[in-house]
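Coordinate inspection notes
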Amino acid sequence: GYAKKIGIVPKETSGTVNGTLHIAFPLLKELLFEQIELKADTKITDGVMKNVAGIVNVTKGNIALTVTKDGLSFKGDGVLNDVPSTVEWVETFQAA
């Protein structure tokens, strides 16, 4: 899934997440993926991610994360390898 794609191992993460998930689609017998609207908006507090991409440990993460079927973005602050940091990442998913 999304976490694996960016080098995050779910078993090595923790924190508090509050969010909303929006799903909308027409009521059709034959539904195409393109006809589905998906969006998750979350706020992560006290986030910890160990060994991200094999090189980074994140602690004290406070991140706003948005995921749609087209991509993801996150922005916030935390401590990366013992250095207070502000991060922003935008990624567009490629069609399979």
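Here the structure is a predicted model, which means the values were calculated and not measured.

**Describing the sheet that holds strand 5 (residues 83–92)**
Spatial ordering of the open sheet is given by 1-2-3-4-5, a layout of five strands whose pairing is antiparallel. Single-partner strands in this sheet number two, and they are strand 1 (13–24) and strand 5. Strand after strand, the sheet turns through a mean of 10° between neighbouring axes, direction not considered. Where strand 4 (residues 71–80) and strand 5 come together, 10 bridges link them in antiparallel fashion. Bridge assignment links Val79 to a residue of strand 5, and that residue is Pro84.

**Brief notes about the packing of aromatic side chains**
As enumerated under the stated definition, the model contains one aromatic pair in all. Ring geometry for Phe74 and Trp89: centres 5.6 Å apart, planes at 50°, overall tilted. Within this pair, whereas Phe74 is found in strand 4, its partner Trp89 is found in strand 5, the two being separated by 15 residues in sequence. Residue Phe74 is classed as buried on the basis of its relative accessible area, which comes to 18%.

**Things to note about a nonpolar patch on the surface**
On the surface, Leu21, Ile23, Phe25, Leu27, Leu28 and Leu31 cluster together into a nonpolar patch covering about 640 Å² of accessible area. With respect to the helices and strands, the residue Leu31 is situated in the loop between strand 1 and strand 2 (37–52). Take Leu31: its relative accessible area is 34%, and that puts it in the partly exposed class.

Rules of the game
- Residues numbered from 1 in each chain as written.
- Predicted model: local features only at pLDDT ≥ 70, side-chain atom pairs only at ≥ 80, totals over all residues.
- Heavy atoms only, no water.
- Pairing = 2+ DSSP bridges.
- Helix = DSSP H or I, 4+ residues; strand = E, 2+ residues; numbered from the N terminus.
- Axes fitted to C-alpha atoms, helices over the stretch in contact; angles between N-to-C directions.
- Phe/Tyr/Trp six-rings, centres within 6.5 Å; stacked < 30°, edge-to-face > 60°.
- Buried < 20%, exposed > 50% of the residue type's maximum accessible area, 1.4 Å probe, protein only.
- Patch = residues over 30% accessible without salt bridge, like charges linked within 9 Å, V, L, I, M, F, W, Y side chains within 5 Å.
- Areas by Shrake-Rupley, 256 points an atom, 1.4 Å probe, with all protein chains shown as cover.
- Salt bridge = Lys/Arg side-chain N within 4 Å of Asp/Glu carboxyl O.

Shape descriptors only; they carry no functional weight alone.
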